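For reference, the chains in residue letters:
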Amino acid sequence: MNIILFGAPGSGKGSQASRIEEVYGIPNVSTGNLFREHVKNKTELGKQVEEIMNRGELVSNAIVLAMVKERISQPDCKNGFMLDGFPRTIAQAEGLMAMTKIDLVIFIECPFIEIERRLTTRRLCPTCSEIYSTISYFKPTCAKCGSTLYQRDDDKVTVVRKRLNVYQTESEPLIDFYSKQKKMVRVISQDSADETFKLVKKEIDKFLSSQRKEKKAKK
Ligand code: AMP
């Protein structure tokens with residue numbers, strides 16, 4: 001099963017991805033995480049993309065497509081994978097179509113005002129990746145491992161607005177693209193990630209059951 005998790009930055013795709021990974025056993029391919037890993041390791045690619053990411057702009061389609069192609073050809077993606085943060089443009093979606101088949105696109109809908117609130121108050125642990133919000137957690141250090149929390153450069157308010165603007169212009173056309181292919185289902189982001197996951201799981205199970213019925217009918 002090849003899934004795309006679609007939605008604006010900050011709509012909660014990452015939290016859903018880790019839950020899907022756990023329940024359905026398919027690896028999460030997050031292009032944002034892959035780029036951040038390159039930046040952290042100071043690779044050539046990392047140096048190329050760091051500034052672009054800090055400005056909240058998109059990395060070129062060619063670079064992203066090459067990175068995704070390499071990643072999904074790894075053995076752990078053989079029985080399916082989920083894409084988080086990719087595709088973000090029509091050109092990327094077309095490039096992906098030439099690479100592999102997509103079964104289901106889950107669109108996580110969240111109002112922009114809520115996204116801005118979530119992202120600008122988000123703090124992360126550099127050691128164990130735990131996520132906090134300054135609205136509900138007031139300490140500067142991680143409750144799990146004690147490391148000093150940090151704010152992602154692209155979670156600053158001006159960059160968040162830029163990212164949402166880029167999403168509206170570049171990524172929203174994908175809603176129409178995948179709806180026309182009848183691959184997209186919509187899930188409204190709830191207050192808690194666990195509540196949202198109940199809805200996401202329902203959609204995935206519905207898809208899997210329809211696939212099983214199709215297979216039976218063909219026999
Ligand atoms: P994310 O964590 O998914 O919000 O990604 C962080 C940043 O990585 C984005 O703001 C872009 O600069 C870059 N990036 C991630 N995925 C893509 C993509 N599919 N296309 C272009 N740039 C991307």
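Look up: the structure comes first, before these words.
Below, the structure is looked at part by part. The shown structure was predicted, so the numbers you read here are calculated from the model rather than taken from an experiment. (Residues numbered from 1 in each chain as written. Predicted model: local features only at pLDDT ≥ 70, side-chain atom pairs only at ≥ 80, totals over all residues. Heavy atoms only, no water.)

Overview of helix α9 (residues 193-218)
Logical step 1: Its 26 residues place the ends of α9 37 Å apart at the C-alpha level, agreeing with the 38 Å of an ideal helix rising 1.5 Å per residue.
Logical step 2: Along α9, the residues classified as buried are Thr-196, Phe-197, Val-200, Glu-203, Ile-204 and Phe-207. (Helix = DSSP H or I, 4+ residues; strand = E, 2+ residues; numbered from the N terminus. Expected span 1.5 Å × (residues − 1). Buried < 20%, exposed > 50% of the residue type's maximum accessible area, 1.4 Å probe, protein only.)

Remarks on a positive patch on the surface
Logical step 1: A surface patch of like charges, here positive, comprises Arg-212, Lys-215, Lys-216, Lys-218 and Lys-219.
Logical step 2: Locating Lys-219 in the fold gives a position in the segment after α9.
Logical step 3: Judged by relative accessible area, which is 87%, Lys-219 ranks as exposed. (Patch = residues over 30% accessible without salt bridge, like charges linked within 9 Å, V, L, I, M, F, W, Y side chains within 5 Å. Areas by Shrake-Rupley, 256 points an atom, 1.4 Å probe, with all protein chains shown as cover. Salt bridge = Lys/Arg side-chain N within 4 Å of Asp/Glu carboxyl O. Lys, Arg positive; Asp, Glu negative; His and termini not counted. Charge placed at Lys NZ, Arg CZ, Asp CG, Glu CD.)

A closer look at the site of the ligand
Logical step 1: Taken together, 16 residues lie around the ligand, and Thr-31, Arg-36, Glu-57, Gly-85 and Gln-92 are the ones closest in.
Logical step 2: Within the contact set of the ligand, a nitrogen atom lies 3.1 Å away from a backbone nitrogen or oxygen of Val-59.
Logical step 3: Taking Gln-92, its side chain carries an N or O atom lying 2.9 Å from a nitrogen atom of the ligand.
Logical step 4: In isolation the ligand has 480 Å² of accessible area, and contact with the protein removes 96% of it.
Logical step 5: For the shell around the ligand, the element with the highest residue contribution is helix α2 (residues 31-40), accounting for 4 residues.
Logical step 6: Here the shell around the ligand is composed, by residue class, of 6 nonpolar, 4 polar and 6 charged. (Near = heavy atom within 4 Å. Polar contact = N/O pair within 3.5 Å; in protein donor to acceptor, adjacent residues only side chain to side chain. Nonpolar A, V, L, I, M, F, W, Y, C, P; charged D, E, K, R; others polar.)

Regarding the sheet that holds strand β3 (residues 81-84)
Logical step 1: The sheet built from 5 strands is open, its strands ordered β2-β3-β1-β4-β7 with parallel pairing. Bordering the open sheet on either side are β2 (28-30) and β7 (184-188), each of which pairs with just one other strand. The average angle at which neighbouring strand axes cross in this sheet is 20°, direction not considered.
Logical step 2: Judged from the 5 bridges that link them, strand β4 (residues 104-109) and β7 form a sheet pairing that is parallel. Note that in β7 the partner of Glu-109 across the bridge is Ile-188. (Pairing = 2+ DSSP bridges. Axes fitted to C-alpha atoms, helices over the stretch in contact; angles between N-to-C directions.)

Things to note about the state of the cysteines
Logical step 1: Across all of its chains, the model carries 0 disulfides by this definition.
Logical step 2: Of all cysteine sulfurs in the structure, the one in Cys-145 sits closest to Cys-125, which takes part in no disulfide; the separation is 3.5 Å. (Disulfide = S-S within 2.5 Å.)

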